[in-house]
Every structure is written in C-alpha cells, then in structure tokens.
Amino acid sequence: MPFLVGDRVTCNAAKVLGNKHAKQRYGRLFKEKELLGDVQRIDGKGRSVKYIVYFDEVATSKAFSARSIRRHSTAAGGNAEASIPTAISISSSSPNPPVEEPHDQESNDVGDGSSLFCHGVQWKVVDGIVEDWRSSPQFGTHILWGNDVEEVHRTPLDYWKLSFPSQMLPDVISWTSDQLPVGCPKATEEEILAVFGVLYSLTRTSEARRDLWSTKDGLFPAPRFGERYGLSRDRFEILLRHLSFCSALEATGDKWAPVRRLVDGFNERRIQKIFPGWQLCVDESVSSWRGKDGDFCSDGMPHVTCIERKPKGVGCELKNCADADTKIILQLEIQEGASIMANKEYVAEYKLAGTAQLLRLTKPWHGSGRAISADSAFASVTTAIACRKNGMHFTGLVKTATRMYPKKYMDEVEFPELGDDVTLVANVEGHNIMAHAWGDKVRKCFISTHSTTLPGKPSNKRHWREMLNEDGDEIGQTEVFNKTLKRRKVVESYFDAASIIDINNHLRQGGLALETAWRTQSWACRVISTVLGMVETDAYLLFKRFHPGSTKMSHSDFTEAVAEALLTSTNKRKRTHATQQQDSHETLPHNIAPLSLHPLYDKNSASWVATYASRACSVCKSPCKNYCTVCSEMANGSIVALCGLKSKHGSACIVKHIYNQ
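What comes next concerns the included structure. (Residues numbered from 1 in each chain as written. Predicted model: local features only at pLDDT ≥ 70, side-chain atom pairs only at ≥ 80, totals over all residues. Heavy atoms only, no water.)

Turning our eyes to something else, we now look at the overall build of the chain. For the chain, the count of helices and strands is 24 helices and 25 strands. Expressed as a percentage of the 661 residues in the chain, the buried residues total 50%. Sequence separation of at least 24 residues holds for 64% of the intrachain contacts in the chain that already meet a minimum separation of 6. Per element, the accessible surface of the chain, about 32500 Å² overall, is 50% carbon and sulfur. (Helix = DSSP H or I, 4+ residues; strand = E, 2+ residues; numbered from the N terminus. Buried < 20%, exposed > 50% of the residue type's maximum accessible area, 1.4 Å probe, protein only. Contact = heavy atoms within 4.5 Å. Areas by Shrake-Rupley, 256 points an atom, 1.4 Å probe, with all protein chains shown as cover.)

When helix α2 (residues 19-26) is considered as a whole, its buried residues turn out to be Ala-22, Gln-24 and Tyr-26. Tucked into the core, α2 has its buried residues touching α1 (13-17), β2 (34-43) and α14 (407-412). Just past α2, the residue Gly-27 takes up positive phi, approximately 75°.

Right, let's get into the environment of Arg-519. Topologically, Arg-519 is positioned in the loop between α17 (514-517) and α18 (523-546). Using a relative accessible area of 74% as the deciding quantity, one classes Arg-519 as exposed. Note: C-alpha distance between Arg-519 and Arg-209 (310 residues apart in sequence) is 9.5 Å.

Further remarks concern the sheet that holds strand β1 (residues 8-12). What links the strands of a sheet is backbone hydrogen bonding, and the strands pair in either a parallel or an antiparallel sense. Within the open sheet, the 5 strands sit side by side as β4-β3-β2-β1-β5. Their pairing is antiparallel. The outermost strands of the open sheet, each flanked by one partner alone, are β4 (60-64) and β5 (70-71). Bridge analysis of strand β3 (residues 50-55) against β4 gives 5 bridges, and the strand direction is antiparallel. Its bridge partner being in β4, Tyr-51 is matched across the sheet by Phe-64. (Pairing = 2+ DSSP bridges.)

A few words now on α18. Across its 24 residues, α18 extends 35 Å between first and last C-alpha, which sits within 8% of the 34 Å expected from 1.5 Å per residue. With 21 of its 24 residues buried, α18 lies for the most part within the structure. (Expected span 1.5 Å × (residues − 1).)

Turning next to empty space enclosed by the protein. Tallied over the full model, the rule gives 3 cavities of 30 Å³ or more. Contributing to the lining of the largest cavity are Gln-24, Arg-25, Phe-415, Glu-417, Leu-418, Gly-439 and Asp-440. (1 Å grid on protein atoms, 1.4 Å probe; cavity = no way out; pocket = protein on both sides within 12 Å on 5 of 7 lines; lining within 4 Å. Points joined across faces, edges and corners; volume = space filled by probe spheres on them.)

Right, here's the structure in full:
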C-alpha cells in the first residue's frame, strides 16, 4: 500500500544521516536505531516515486523510496526506539550501566548491575565531580633573568639571548674554528651571531642569499650587508658551511651528534631561565626534510618520520613539552627510531612508549603538582597513574590506548543532543581517575586526574555554509556563523592547553619559515634551522607576554629587530691582531664569477666554448669553472681561476686566495 502525505514512517538512522554521522550520534548501536518522521511530499510517479520525509529528532528532510521506509506501528515491539538505551548525562546517571565486554584475552570484565570492570579496574557512573582533585594553586610563568633590569628597558635581542643556549656559544665558536680551512682566521662570537642574523634576515626578503651583499641600487636601495655590517659574503659562506655544534671526535661515534648538543643545550637553557606555569602540554613538532634518508645512504638523516596528518610531516620528529601560559617550548627529544627509543628511560617500567616519552619530557618538573595535557599519542590510564606517582596531574584524549579504560561503554552510550556527556570514576593504586565522554560532532573520550565536571565556557566554532535563495538554490555566496556547544570544565581545561604546541609550530613554520629560507642539502643544517626557529619564536612569545610595549610590535618586526641587533654586533668586535689581519684582507675587493662571463669566452662565436669553459684552479690546480674578476684585471690579462663555493675544494681555495695572496 503506498504512503500518503502525513503518514508516520520510520527509517534506519544510517540511511538518514549516513554511517559516519549516525555512529557519532548514536554510538555502535546506530545500525539498530530507527528514526520517526512524517511524509511531507511525494515526487515522481510509478517506479521513480520518492517520498520526502522530515525527521523531528535530527531536524532533517530527505527523499526515500518505498523500500527504505516503513509505516510506523505503535504496537508493542513495533517501535525500535524501545530497545535503545537512553543517554547518560551529568545530571542523571544510569542505575544499570551495561557491562563492558572484554577488549582482549586478558580482560576479566564482570558486571554487578551498578558498575563495570575493565581489566580489573572498577568504573562507576557518577552524577558529577564538583571538587578538583588537584589541590595545588594555579600560577603563571616567570623568567629567571638573573639581574634587576626593568622589563621596559629590555630589547628583542635580550629575549633572543635568553631563549638561545648561550652557555654553549664558546664551544660553538671553538668547534667551528676547528672545522675552518687551514689559513682561515678563527671565528669570533660576533661573527657567529652575525651568521644567525643573516639567516633571520633571509626570512624577511624574497631575494637570493647572494643579493644581500649587492651594492647596485635599483628601484629600491641595495642591502649592502658587507658595507653596513662588516661581514663579507665570502666570510659568511665559509662560516655557515663549517658551522658546528659538536666536536670532530663526537661526530664520528654518534649519528645524531651534529644536532644532539644543540638540543641538549636548548633543554638546559629552558630549565635555567624559565619557571613554567601550572599547566604544560606535550605534543610533537617536525623538522621538514625531503632529502637523503639515512636508511639508504651514509650521509642522510639517521631516522626519517612520516606523519600524514601534518602539512609538513616528513622529516625529523621532535617530541616536545610546552608551557601553556606563554606557549614556548620547554623540552625537546629527538625520535631516533624504535630500536633506540625502546632503551630509553621509563620504557622498561611502564611498557608504553607514549608514557615513557611524557615522563622524560616533564622530568624537570616531577613533584611540582603541575597539570599536563596531551593527545592520544600519550593518553592512557597507565599515563595518568604514572603522572600521579611522579607528583603531577594529567588530562588526555583517549583513542587507541584503551586498556583499563571503558572505551566501549563510552562509544555506545547514546547522546540525544550534541554537548551531552557522561562521567565515570575509578580508583587505581590509590589514585582517583575520571573518564569523561563528550558528545561533540566526533565523540571525544578523556582521561583525567584533576578538574571538575562543572559547566565550563562553551565551545565556539566558526562554520561556513552556502547561502540559498527563496527557491532553495545556491546564490554563490558563503555565510559565516558561529556555533556554540556546551562543555564541562575538564573539557575546557584540556582544549585550552592542547593546541599550544600547534600554535608555536604555526608561528615557526608559517610565520618565520627559517627552514624554507635557509635552503640546504644537509639534514643537520635543517634540524639546526628548526631549533633556531624555535629560539626566535619563543623569544617573540616571551616578548609579547612580558614586555610592556609588545603590543606595538608584530612577529615580522620582532624578527627584523633581532636580525639587525645580531648583525650590528660585528661592528663592535675587539680589535685583536687576528681581526685586524682579517679586516685588512676583507677590504680588498674580490668577486668570484663564472668563466663563461669572461671577455675571452664572450668574444668566441661558438656558444659551446663558453658553456664548457674550464681552467686549472690557481690554488689547487684542479679543473674549475670560476675566476676572480678583480685579480684577473690586475694580472695583466691572465685569468686567475678559482674553484666555486659548491665544488669539492671551493671554500678552501677561496680562503687561500683571499687571505694568502
């Protein structure tokens, strides 16, 4: 019998909402859920007839064939809704929660009608938690300057030097000097700082690196870095090529030696100078790398990680800990591969890599009562208990590490509306733990040892939708609107801190973008650029947080101020014998150019002669394709050939030519 307009019909929730949204709304019982609706309109004739049905519960209209809907019956057993458990919210707990079924062979779940067991842990549904289990006060971040200078008198360079591991700068100068070619003057502190200044300057210009030393004015004045800052391009390239953060002996025994000292120095500096606030965040960052992989060549990155969900997810993964108050990175840990990480601290004790990583990253603050927020890579019941044993609190988002956690029950409980929730509590090894499920568009399950289920600040999300005319057709315009969703304090506390490292990553990769500006084929230089980017980003965040006049300075202005201050330090260096000798040589004009530009080859009619122009280097006698234009003019017509910077002996030949002529 055909349906008529006004008939009450039922349809499976999966057909109305789709499998994905039906499962999010009704849990794992979505395939059995039936929605009740009214036939509003009938379109078509014969076999192509379609019934337009409006469903009150989900406020949705959809067209169905006669096979997809059934006439509603009020008889006993006719309504499928009678078999679906009602939602458990914070205001009305269920007296008979379902028994959690075993997740694996080790589970011994049983039910007694008022609680459920997961791997021996008893969970109870509660109306709510109104008293925070964390009794420590909430406090902010402090900088340990070590002097009495007022904040208003501090400069962007002061904040950069605070963020940079300055305690290892003398070693960096020594290691870099040891790597320089024979005859090249040793590096100085001012020159190393100037190299950093040039690298930061590259992020503020679209010109090539060599153009920073240009002296030809065009529409805009030439940068003239050599004249303005006393650092020639040749000297900069030589220092950058041999910049080292480890000794030559260390580099032979440890694959990560070129960057390990820098990471350790970064961590040590944060412990010395930063007193973090009460809330920390643990997550990961990636030093993007598309070059050589150490699995296939000896000079490639020792371990390359691929994280598909990240925009730049291929490269060196750095697990990190950040301060929620200032958003700065506090600790870094290089991910060296599964076999090496399995031997790290805490792995043997807790068996879970995520738990061990979180404890290592937060070790300097064990026993401080601070609260840690982390995503599903770290969150589990084991992590929560480990934090309590080490004098900290934890809140995390549980997805896969579900042992001892009532994940199945959380997924199956029905939420009639978005924003509904359910809370369970347990006591494990003498520590109180909360399991909380929140009905967002995608259901989220939390594990926490602190906070409450009192009403929190609603979630406010921006949405976009196509605007329609009176006939229901799109008009090519988009409407922006905000949608709020109720949530509890425990959810609000987690999301206030969970995105801290993502914000820092965005400022470093999307704002500063030093990894993009410093083009290199060395994986060590790429990781160094990432750490230097974190140093500058953290310095900017600290400046914005503590300096009284920070509201007038953008991130780009801060970067320019730091670069300018680092570069001008070269004009203040001490006039030692070595620097005087170096300056006397640097005042001599030298310009390295391709041999194909020499007049001898330009006058030749055969273009291939200029293309394959080659001569013996005046220093090493190897075939080369470059020459010094100034010295060639002074040599009465002869060509002073030199190896280029990219050649095997290039930097050494240029150094000997400049300093030993």
